[in-house]
Amino acid sequence: MRRSAALAALAVGALVLVATALASGVHRSAPTTLTVWVGWSAGHELTVFKQVAAEYDRNHPEVNIKVVGGIDDNKIVAAIRSGTAPDVVSSFNSYNVGNYCGTGGWVDLAPYLKKDNIDPAMFPAAPRYYTQYEGKRCALPLLADDYGLYYNKKMFKAAGITRPPRTMSELAADAKKLTVRDKSGKISVAGFTPFIGFYENTPDRWIQHFGGKWVDSKGHSLIGTDPAWAAFAKWQKGLIDWYGYDKLVRFQAGLGDEFSASQAFETGKLAMNFDGEWRVAFIHNEHPSLDYGTAPMPAADNHPELYGSGYINGTIIGMPRGGHHQDQAWAFIRYLTTKDHPLAVLSNGLRNVPTTQSSLNSKEIVPDAHFSTFLKIFANPKSNTSPILASGQSYTNAVQSWFTKWQAGRYSDLSGSLTKLAKQLDAQVAQAKGGGGVP
């Protein structure tokens, strides 16, 4: 009797184990693979993002995050057009939000935000603006970039300069004091270069410090009529002419790549540099002994109220049209963009600015005097960004193309050529609204 009872108990136990295994098998089905495209490609930057994704993986066994780095907007657009888009895409260029939102290339996130009771007011004004277009919010901010002045303290001391410049006149004067040439006049150390196209020098970042306006209330270009644009153009070319255009081109041709340990400011070839907040992390990792400081970029002499402000844009993230697993993709996007912890980890590792109101004051943010400059610039109410237009980045690219020709001396009529540029920009926007974006 005892043997029969024992066998019966074993049989019941076996059935329980089988049932448990079958039940658990339902929950242990293969996780959903989410393919996430990001722009980061530099070693430590991509590694930091992958670490955050791996932490999410550990806490969410239902998904497996596959991160692909080195992605730019051309690749994103091509994938959308070919129907091979990943689940999640991230872009460094908030400029293109008008294109992505206006054409439906990126999925409208408003229903997801509403479902989860997420108020966009949790993001400051600038990132809230550049993640939408004409009322459609197809992106969320994932860290922000702002721009300031990096200066070599050792070189400043040797030149008798006691503080970073605060006006454009001071910037030009200090640049000349800090420049070193050999007997032939060849530049060996540049005090500063405002050369458009060199490293982070783009017109959209510069014009903020001259108080320039981009468009009027109807979206028409003001580049031909706002005097700030001509003022910037004259100041910029004046300093380039002092160096000598050809000599500056040759000097820059011999400098290291921007995103490498041979970058010119890091190696002492530039005394001052206009750069983004992420340079703090690069210097820490590549040249930790460099004695440098950070400050806001100088303001135009007639706009002292702008000192302390800066240009802001940022990394954006969303779901492309044609992507898969949208519910899981949204959950990952929501985690990255609305939770203080991942934003703090990314900010600490990348030294980009976190983009929610609460994360700016997160106790997880590692204090750093160099980086704090950029947190203050981001919080400055006069900091601003580029207009979000239907033509996307092609708008600012056209302005940059004009400046590269201007600095080379190809325009003699400054006012007339700016007016012509404004008309071209208006035509470009009209064409984009007519269907020139992502199909």
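All of the points below concern the structure found in this document. Residue indices begin from 1 for each chain and proceed along its sequence in written order. Only residues with pLDDT of 70 or above have their local features reported here, since the model is predicted, and side-chain atom pairs are shown and tallied only from 80 upward, although totals for entire chains, interfaces and linings are computed over all residues. For side-chain calculations, the full set of non-hydrogen atoms in the structure is used, while hydrogens and water are omitted.

### A look at the layout of surface pockets
A probe as big as a water molecule, rolled over the atoms, marks out the empty space that is left.
Next, step 1: In this analysis, the protein atoms alone were mapped onto a 1 Å grid. Cavities are point sets where a 1.4 Å probe fits without being able to get out; pockets are open sets with protein on both sides within 12 Å along at least five of seven lines; lining residues have an atom within 4 Å of a point. Grid points are joined across faces, edges and corners, and a volume is the space filled by probe spheres set on the points. Its volume calculated, the largest pocket comes out at about 1,100 Å³.
Next, step 2: Lining the largest pocket are 46 residues; nearest its centre among them are Asp73, Phe92, Asn93, Tyr95 and Gln393.
Next, step 3: Taken together, the elements giving at least two residues each to the lining of the largest pocket come down to α3 (73-82), β3 (88-91), α4 (97-103), β4 (140-152), α9 (203-207), β9 (312-318), α16 (393-407) and α17 (414-436).
Next, step 4: Where helices and strands are cited, they refer to DSSP runs of H or I of at least four residues and of E of at least two residues respectively, numbered from the N terminus. With five residues, α16 is the largest single contributor of residues to the lining of the largest pocket.

### Things to note about the side chain of serine 221
Next, step 1: Following the sequence through the fold, serine 221 ends up in the loop between α9 and α10 (227-243).
Next, step 2: Relative accessible area decides the class of each residue, using a 1.4 Å probe on protein chains only: under 20% of the type maximum gives buried, over 50% gives exposed, and in between gives partly exposed. Note on serine 221: relative accessible area 11%, which makes it buried.
Next, step 3: The definition of a polar contact used here is a pair of N or O atoms within 3.5 Å, where within protein one atom must be able to donate a hydrogen and the other to accept one, and adjacent residues in sequence count solely through side-chain atom pairs. At 3.2 Å, the side chain of serine 221 forms a polar contact with the backbone nitrogen of isoleucine 223.
Next, step 4: Two residues form a contact once any of their heavy atoms are found within 4.5 Å. Once you skip the residues sitting within four places of it in the chain, serine 221 turns out to touch Trp214, Val215, Tyr395, Ala422, Leu425 and Asp426.

### Some remarks on the packing of aromatic side chains
Next, step 1: Here a Phe, Tyr or Trp ring, Trp counted by its six-membered ring, pairs with any other such ring whose centre lies within 6.5 Å, and the pair is stacked when the planes are under 30 degrees apart, edge-to-face when over 60, and tilted otherwise. Counting across every chain of the model gives 32 aromatic pairs.
Next, step 2: Note on tyrosine 100 and tryptophan 106: the rings are 4.5 Å apart at their centroids and 10 degrees apart in plane angle, and the pair reads as stacked.
Next, step 3: Classification of tryptophan 106 by relative accessible area gives buried; the value is 1%.
Next, step 4: Summarising the aromatic geometry, the rings of tyrosine 147 and phenylalanine 274 are spaced 6.2 Å apart at their centres and angled 75 degrees between planes, so their arrangement reads as edge-to-face. Here phenylalanine 274 lies in strand β7 (residues 272-276) and tyrosine 147 lies in strand β4, a separation of 127 residues in the sequence.

### Some points on helix α12 (residues 279-286)
Next, step 1: Among the residues of α12, those classed as buried are Arg279, Val280, Ala281, Phe282 and Ile283.
Next, step 2: Turning to α12, the residues buried within the fold contact α2 (43-59), β4, β7, β8 (292-295), α14 (340-350) and α15 (369-379).

### Observations regarding the pattern of salt bridges
Next, step 1: Salt-bridge detection follows one rule: a side-chain nitrogen of Lys or Arg within 4 Å of a carboxyl oxygen of Asp or Glu. Within the structure shown, the criterion is met by seven salt bridges.
Next, step 2: The salt bridge partner of arginine 279 is glutamate 266, with a shortest N-O separation of 2.7 Å. Of this pair, arginine 279 sits in helix α12 while glutamate 266 sits in the loop between α11 (245-253) and β7; the two residues are 13 residues apart in sequence, bridging distant segments of the chain.
Next, step 3: Given a relative accessible area of 4%, glutamate 266 falls into the buried group.
Next, step 4: One network of salt bridges, with partners in common, ties together Lys115, Asp116 and Arg334.

### Concerning the state of the cysteines
Next, step 1: Note on terminology: pairs of cysteine sulfur atoms within 2.5 Å are recorded as disulfides. Throughout the structure, instances matching the rule amount to one disulfide.
Next, step 2: With a sulfur-sulfur separation of 2.1 Å, cysteine 101 is cross-linked through a disulfide to cysteine 138. Measuring the twist about the S-S bond at about -90 degrees, one finds the cysteine 101-cysteine 138 disulfide to be left-handed. Taken together, the residues cysteine 101 in helix α4 and cysteine 138 in the loop between α6 (125-129) and β4 connect sequence positions 37 residues apart. Taken as a pair, cysteine 101 and cysteine 138 share a single burial class, namely buried.

### Topic: unusual backbone geometry
Next, step 1: The backbone of glutamate 134 shows a phi angle near 50 degrees, a positive value even though the residue is not glycine.
Next, step 2: Residue placement: glutamate 134 occurs in the loop between α6 and β4.
Next, step 3: With a phi close to 55 degrees, histidine 325 is a non-glycine residue in the positive phi region.
Next, step 4: Tracing the backbone through its elements, the reader meets histidine 325 in the loop between β9 and α13 (326-338).

### Concerning empty space enclosed by the protein
Next, step 1: According to the stated counting rule, one finds one cavity of 30 Å³ or more in the structure shown.
Next, step 2: In this model, the largest cavity occupies a volume close to 40 Å³.
Next, step 3: Around the largest cavity, the lining residues are Tyr95, Ser386, Pro387, Leu389, Gly392, Tyr395 and Thr396.
Next, step 4: Looking at the lining of the largest cavity residue by residue, the classes come out as four nonpolar, three polar and no charged. For this classification, Asp, Glu, Lys and Arg are treated as charged, while Ala, Val, Leu, Ile, Met, Phe, Trp, Tyr, Cys and Pro are nonpolar and the rest, including Gly, are polar.

### Quick notes on the nonpolar core
Generally speaking, a soluble globular protein has its nonpolar side chains buried in company with each other.
Next, step 1: Trp106, Phe192, Trp206, Phe210, Met272 and Phe403 are the most contacted members of the largest nonpolar core, which has 91 residues in total.
Next, step 2: For this core, the leading source of residues is α10, giving eight residues.
Next, step 3: Joining through side-chain atoms within 4.5 Å is the link that ties buried Ala, Val, Leu, Ile, Met, Phe, Trp, Tyr and Cys residues into a set, and such a set is a nonpolar core. Counting 35 residues, the second largest nonpolar core, distinct from the first, contains Trp40, Ile65, Leu142 and Leu336.

### Details of α3
Next, step 1: Every buried residue of α3 is listed here: Asp73, Ile76, Val77, Ala79 and Ile80. Within α3, the buried residues cover an arc of 160 degrees as seen down the axis, which keeps them to one side. Exposed side chains of α3 directed beyond 90 degrees from the buried face belong to Asn74 and Arg81.
Next, step 2: Those residues of α3 hidden inside the fold are in contact with β1 (32-37), β3 and α4. Note that the arc is computed from the directions linking the helix axis to the C-beta atoms.

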